[in-house]
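Okay, here's what each chain looks like letter by letter:
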Amino acid sequence: MKFIVLGLGNYGSALSSKLVVLGHEVIGVDKKITLVEKWNHQITHTIALDATSPDAIKGLPLNDVDAVINAIGEDEGVNIMATALLKQRDVRRIICRVTSPLQQTVLEAMNVKEFIYPEGDSAERLAYKLDLKGVTDSFKISDKFKLIEILLPKRYEGKEIQEIEFLGKYRIQPVTIVREMMSRNILGTVRTTREVQGVLTPDTVLREGDKLLLFGDVEALEKFVEE
């Protein structure tokens, strides 16, 4: 897959480098030429430009990548302005680094739905999340095993857990389901909250929009995701 990462500070550079190690193509962007030169041998491509400049942003291949990750963290205003430019260019998937609840509220008002929190989310964890399409979160348990959260494939909507051969066919274990509920924040903006369904039973019915939490070895999980 292909990604653009805005901001090559500690978080952005670590994320970019890990994505490259996982076999993805990454364009790393920063206005500081020193950072661009520092990482140009570890990231597929590095570009020096100002992410708050409309002319500079439109020169990036924004619609040819799977996601743009805005990892700018030192200035919330710059982060928000760069995100606004990405929204204007109709980027299909935007993931934003946030450092305060107010910043997230502003970004939610711009209809941004995916956020990263450097204090709790490591760059490595986000890299594993982006490594497979459809995966919304990922936890590396060991080199062999992962715990992933994945949007329910349409082929399983309306089916009961017992109808899907998780263990027999895929050798993976379903842990639980996360369902998203809509609520409004203090500014009246609609936001999504997560509701964990608890222990699954054989007759649990899977619904459209459910997110499955699955445990298994990496190859088995990849087989399930990519089928």
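Residues numbered from 1 in each chain as written. Predicted model: local features only at pLDDT ≥ 70, side-chain atom pairs only at ≥ 80, totals over all residues. Heavy atoms only, no water.

On to the sheet that holds strand E6 (residues 114-116), then. Read across the sheet, six strands follow the order E3-E2-E1-E4-E5-E6 without closing on themselves; strand pairing throughout is parallel. With one partner strand each, in any of the chains shown, strand E3 (45-48) and E6 form the two edges of the open sheet. Averaged over all pairs of adjacent strands, the angle between strand axes in this sheet comes to 20°, irrespective of strand direction. In the sheet, strand E5 (residues 94-97) pairs with E6 via three bridges, with the strands oriented parallel. Within E6, the residue paired with Arg97 across the bridge is Ile116. On the sheet, helix H1 (residues 10-21) packs against strand E1 (2-6), strand E2 (25-30), strand E4 (67-70), E5 and E6 and is oriented at approximately 165° with respect to E1. (Pairing = 2+ DSSP bridges. Helix = DSSP H or I, 4+ residues; strand = E, 2+ residues; numbered from the N terminus. Axes fitted to C-alpha atoms, helices over the stretch in contact; angles between N-to-C directions. Contact = heavy atoms within 4.5 Å.)

Another point: the confidence of the model for the chain. Looking at the chain as a whole, its pLDDT mean stands at 85, while 91% of the residues score no less than 70. Here strand E10 (residues 190-196) stands out as the least confident element of the chain, with mean pLDDT 69; E1 is the most confident, with 96. (pLDDT = per-residue confidence, 0-100.)

To continue, consider the pairing of E4. Where burial is concerned, the two faces of E4 agree: the one with Ala67 and Ile69 and the one with Val68 and Asn70 are both buried. Direction of pairing for E1 relative to E4: parallel, over a ladder of four bridges. If you follow Phe3 over to E4, its bridge partner there is Ala67. By the bridge criterion, three bridges tie E4 to E5 in an arrangement that is parallel. Following the sheet pairing, Ile69 is matched in E5 by Ile95. (Buried < 20%, exposed > 50% of the residue type's maximum accessible area, 1.4 Å probe, protein only.)

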